[in-house]
Amino acid sequence: SGLDVDAVQKVAQGIRRLLCSENALLLVTHYQALMTPLKPQYVHVMVDGRIVQTGDYNLALRLGKEGFASWLDKPTPKGS
């Protein structure tokens, strides 16, 4: 996205306002700059429409450093 640093912070603040014990939020993004201020509880890596790995915020950090290449090289398990 073309968001600058200030805009990312405003978007993150708006998303945090939506989060409470009464609802959940599914955010699909490739934008590391948005994941950093939100520090997601769960991160899912999807390949070909399937979740191939689940983790916490540390997985988001790993994605930011390594990219998706290591997951794209692995075959997707059949039947999952």
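Quick summary incoming for the structure in this document. Nothing here was measured: the structure is a model prediction, and the numbers come from that model. (Residues numbered from 1 in each chain as written. Predicted model: local features only at pLDDT ≥ 70, side-chain atom pairs only at ≥ 80, totals over all residues. Heavy atoms only, no water.)

1. Let's talk about the pairing of strand β2 (residues 50-55)
Point 1. Pairing analysis gives 5 bridges linking strand β1 (residues 43-47) to β2, with the strands arranged antiparallel. Bridging from a neighbouring strand, M46 pairs with I51 of β2.
Point 2. Between β1 and β2, which pair antiparallel and follow one another directly, the connecting turn spans 2 residues, one of which, D48, has a positive phi of 50°. (Pairing = 2+ DSSP bridges. Helix = DSSP H or I, 4+ residues; strand = E, 2+ residues; numbered from the N terminus.)

2. Quick look at helix α3 (residues 57-66)
Point 1. Listed as buried for α3 are Y57, L59, A60 and L63. Down the axis of α3, the sector holding all buried residues measures 155°, keeping them to one side. Every exposed residue of α3 that faces more than 90 degrees away from the buried side is listed here: N58 and K65.
Point 2. Capping the start of α3 is the job of one residue whose side-chain oxygen sits 2.9 Å from the backbone nitrogen of N58: D56. (Buried < 20%, exposed > 50% of the residue type's maximum accessible area, 1.4 Å probe, protein only. Arc of directions from axis to C-beta. Polar contact = N/O pair within 3.5 Å; in protein donor to acceptor, adjacent residues only side chain to side chain.)

3. Quick word on the environment of A24
Point 1. Residue position: A24 is located in the loop between α1 (5-18) and α2 (32-38).
Point 2. Each C-alpha atom of the pair A24 and D6 lies 25 Å from the other, and the pair is 18 residues apart in sequence.

4. A closer look at α1
Point 1. In this model α1 runs 21 Å from its N-terminal to its C-terminal C-alpha over 14 residues, within 8% of the 20 Å that 1.5 Å per residue would give.
Point 2. Burial in α1 covers these residues: V8, A12 and I15. The arc that holds every buried residue of α1, seen down its axis, measures 60°, which confines them to one face. Those residues of α1 that are exposed and angled more than 90 degrees off the buried face are D6, K10 and R17.
Point 3. In this structure, the buried residues of α1 make contact with α2.
Point 4. Looking at where α1 begins, the residue whose side-chain oxygen comes 3.1 Å from the main-chain nitrogen of D6 is D4. (Expected span 1.5 Å × (residues − 1). Contact = heavy atoms within 4.5 Å.)

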